[in-house]
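So you can see what is in the structure, the chains are spelled out below.
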Amino acid sequence: EPEVTQTPSHQVTQMGQEVILRCVPISNHLYFYWYRQILGQKVEFLVSFYNNEISEKSEIFDDQFSVERPDGSNFTLKIRSTKLEDSAMYFCASNGAGGMKTQYFGPGTRLLVL
Amino acid sequence: RKEVEQDPGPFNVPEGATVAFNCTYSNSASQSFFWYRQDCRKEPKLLMSVYSSGNEDGRFTAQLNRASQYISLLIRDSKLSDSATYLCVADNNAGNMLTFGGGTRLMVKP
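These numbers were taken from a predicted model, which means no experiment stands behind them. (Residues numbered from 1 in each chain as written. Chains lettered and ligands numbered in written order. Predicted model: local features only at pLDDT ≥ 70, side-chain atom pairs only at ≥ 80, totals over all residues. Heavy atoms only, no water.)

## Observations regarding the packing of aromatic side chains
At step 1: For the structure on display, the rule yields 17 aromatic pairs over all chains.
At step 2: For the ring pair Y25 of chain B and F33 of chain B, a centre distance of 4.6 Å and an interplane angle of 45° mean the geometry is tilted. The same class applies to Y25 of chain B and to F33 of chain B, which are both buried.
At step 3: One aromatic cluster is present, built from ring pairs that chain together Y33, Y35, F45, F91 and F105 of chain A together with F34, Y36 and F100 of chain B. (Phe/Tyr/Trp six-rings, centres within 6.5 Å; stacked < 30°, edge-to-face > 60°. Buried < 20%, exposed > 50% of the residue type's maximum accessible area, 1.4 Å probe, protein only.)

## Examining the pairing of strand β5 (residues 43-50) of chain A
All names here are of chain A.
At step 1: Burial within β5 is extensive, with six of its eight residues counted as buried.
At step 2: With seven bridges joining them, strand β4 (residues 31-37) and β5 adopt antiparallel strand pairing. Each residue of the ladder has a partner; that of Y31, found in β5, is Y50.
At step 3: Taking the residues that link successive antiparallel strands as the turn, the β4-β5 hairpin has five residues, and the phi of G40 there is positive, at about 85°.
At step 4: Relative to strand β6 (residues 53-57), β5 runs antiparallel, the two sharing four bridges. (Helix = DSSP H or I, 4+ residues; strand = E, 2+ residues; numbered from the N terminus. Pairing = 2+ DSSP bridges.)

## A word on unusual backbone geometry
At step 1: With an omega dihedral of -10°, the bond running from T7 of chain A to P8 of chain A counts as a cis peptide bond.
At step 2: Looking at where P8 of chain A falls in the secondary structure, it is placed in the loop between β1 (5-7) and β2 (10-13).
At step 3: Geometrically, the link from G9 of chain B to P10 of chain B is a cis peptide bond, its omega value of 10° lying close to zero.
At step 4: Among the structural elements, P10 of chain B can be located in the loop between β1 (4-6) and β2 (11-14).
At step 5: Although it is not a glycine, R41 of chain B adopts a positive phi angle of roughly 65°.
At step 6: In the Ramachandran plot, D77 of chain B falls in the positive-phi region, its phi being about 50° despite a non-glycine side chain.
At step 7: With respect to the helices, strands and loops of the structure, D77 of chain B is situated in the loop between β8 (70-75) and β9 (84-91).

## So, the interface of chain B and chain A
At step 1: Facing the 26 residues of chain B at the interface are 22 residues of chain A.
At step 2: Together, the buried faces of chain B and chain A total about 1,800 Å²; carbon and sulfur atoms form 54% of this surface.
At step 3: When the area that chain B buries against chain A is broken down by residue, the three leading residues are R41, N96 and F100 of chain B, summing to 29%.
At step 4: Counting the contacts that link chain B with chain A gives one salt bridge.
At step 5: The closest approach of N and O atoms between E3 of chain B and K42 of chain A, which form a salt bridge, is 3.3 Å.
At step 6: Where chain B meets chain A, there are seven residue pairs in polar contact (both at pLDDT 80 or more).
At step 7: Those elements that place two or more of their residues in the side of chain B that touches chain A are β1, β4 (33-38), β5 (45-50) and β10 (98-100) of chain B.
At step 8: For the side of chain B that touches chain A, the element with the most residues is β4 of chain B, which contributes four residues.
At step 9: Looking at the side of chain B that touches chain A residue by residue, the classes come out as twelve nonpolar, eight polar and six charged. (Contact = heavy atoms within 4.5 Å. Buried area = accessible area lost by both parts, 1.4 Å probe. Salt bridge = Lys/Arg side-chain N within 4 Å of Asp/Glu carboxyl O. Polar contact = N/O pair within 3.5 Å; in protein donor to acceptor, adjacent residues only side chain to side chain. Nonpolar A, V, L, I, M, F, W, Y, C, P; charged D, E, K, R; others polar.)

In structure tokens:
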């Protein structure tokens, strides 16, 4: 069964450093997403991406965040200058077209900012 | 602000019990609804989509009441492996983002 994959599984960084989180969505999917989950809190939407552009973003997704689909398979989330409060689990998700548009989630990257 | 609200639980039930979870959503324009399951420190995994007419998948039954903006999940004959957090999820009117509830924790005991 096709799966969304994410790398790295864990990332530790110093405050102010840039991080890039990587995702490989399911191969025939067209819509890509990033969500985050701070420990003990809800899963929160960050951004959706379709046809090489952002289609929706939340208030969390400020100028420190950017997304890119650099090639036909990868989808990345960059945080330019990490803050302590960026520590969270970051989930990538994807879905195909039509129907209920069910989103399938990757295993996540646990980011710890020190 | 569009919200999805759930009772956080925990619901502690014996094996074989029937348990029901409810949730409410505030965005009347939401079109699609889902129940996801999340195990500790893992990703959300789709349990089932929720259709207007109600739908069943084995031991799981989901119901949607659009007038009351209310979604339910019924689990029959609970198994130990059902222990997890159940996330109620609604999309936005454009279908390009999901809003998650805080989850209801279920613990099934032998």
